[in-house]
Amino acid sequence: MAATESAATGEQINISIERMTEHDLVEVCAIEEVSELSAWGWDAYHNEMQSRLDTIMLIARHDLKSQQDQIAGFIVARLYADELHVNNVAVRPEFRGQGLGSALLQTTLDEARKRGAKIAQLEVRAGNAEAQRLYARCGFTVVGRRKNYYRDPTEDALLMSLSFSDLAHKSQGFRGPFGQTSS
Ligand SMILES: CC(C)(COP(=O)(O)OP(=O)(O)OC[C@H]1O[C@@H](n2cnc3c(N)ncnc32)[C@H](O)[C@@H]1OP(=O)(O)O)[C@@H](O)C(=O)NCCC(=O)NCCS
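The structure reproduced in this document is the subject of the present report. (Residues numbered from 1 in each chain as written. Predicted model: local features only at pLDDT ≥ 70, side-chain atom pairs only at ≥ 80, totals over all residues.)

### As for the overall build of the chain
The secondary structure content of the chain amounts to four helices and eight strands. Shown N-terminal to C-terminal, the secondary structure of the chain runs as helices and strands in the order β-β-α-α-β-β-β-α-β-α-β-β. Among the 183 residues that make up the chain, the fraction classed as buried is 30%. A separation threshold of at least 6 residues defines the contact pool for the chain, and within that pool the share at least 24 residues apart is 60%. (Helix = DSSP H or I, 4+ residues; strand = E, 2+ residues; numbered from the N terminus. Buried ≥ 20, exposed ≤ 12 C-beta atoms within 10 Å, placed from the backbone. Contact = placed C-beta atoms within 7 Å.)

The following block contains the structure:
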């Protein structure tokens, strides 16, 4: 578990990165809704969770007693042979800018590397500068552009990629869900 500070109240928060379970999906869908992501919805996350051994689905759980919701963010990724594809990552607006997105992504990359991933790829809206900064900070670079890839609103996607062999090991000291404590 790692400590951070609530931007809203200044309270100390402990965050742990955990595997997502079925019980988390209502909150995950609520975060998806406020994050303007392409909507997967409960069924799609549930199917992903049930049917795939090669998925990495994580949540960031906080311990603030003052909040009814316990999940501050989540990430969903899948391994196709030695290629990791990051599908969705989102953090509740009030918890952004405190390193949670980076912790979720870095934990996913660490786990994918352990499972033999050689590269990681994702698409991101061309106008989503915050997400692009997060990905760049974790080692992704832009390798292509997909014209009009997104709908509602229509927008190009940037294709971003990283090669695990080029990546120096970085982590943020969050306790991981796979038994390791990053250091
Ligand atoms: C993209 C997203 C997941 C980033 O999450 P986040 O938790 O805010 O990400 P981080 O906190 O790790 O990084 C954001 C900023 O906080 C800063 N930061 C990191 N750790 C910090 C800490 N401990 N204290 C203060 N600031 C910190 C980072 O330097 C970064 O700043 P920068 O963007 O100016 O470089 C979030 O903005 C989001 O949910 N967006 C909507 C959904 C979305 O677009 N998802 C991506 C497409 S699928």
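What follows continues from the structure just given.
### Quick look at the pairing of strand β7 (residues 141–150)
Burial within β7 is sparse, with just zero of its 10 residues counted as buried. Remark: four residues form the turn of the hairpin made by β7 and strand β8 (residues 155–163), two consecutive strands paired antiparallel; D152 in that turn has positive phi of roughly 50°. (Pairing = 2+ DSSP bridges.)

### What about the site of the ligand?
Not every one of the 20 residues close to the ligand is listed here, only the nearest: R96, G99, G101, S102 and A131. For the shell around the ligand, the elements supplying multiple residues, two or more each, are β5 (83–91), α3 (100–114) and α4 (129–137). (Near = placed C-beta within 6 Å.)

### Points about the pairing of strand β3 (residues 55–62)
The buried fraction of β3 amounts to six of the eight residues, a majority that puts the element mostly inside the structure. As defined by bridge partners, strand β2 (residues 12–19) adjoins β3 across five bridges and the pair is classed as antiparallel. Following the sheet pairing, I17 is matched in β3 by A60. Here β3 pairs with strand β4 (residues 71–80) via seven bridges, running antiparallel. Bridge pairing in β4 places I56 opposite A77.

### Overview of the nonpolar core
Formed by 41 residues in total, the largest nonpolar core has its most connected members in V28, L58, A60, F74, I75, L100 and L104. Elements that contribute at least two residues to this core include exactly β2, α1 (25–34), β3, β4, β5, α3, β6 (119–125) and β8. The contact partners of L58, leaving out residues within four places of it in the chain, are I17, E18, R19, M20, F74, I75, L104, T107, T108 and P177. (Core = buried A, V, L, I, M, F, W, Y, C linked by C-beta atoms within 7 Å.)

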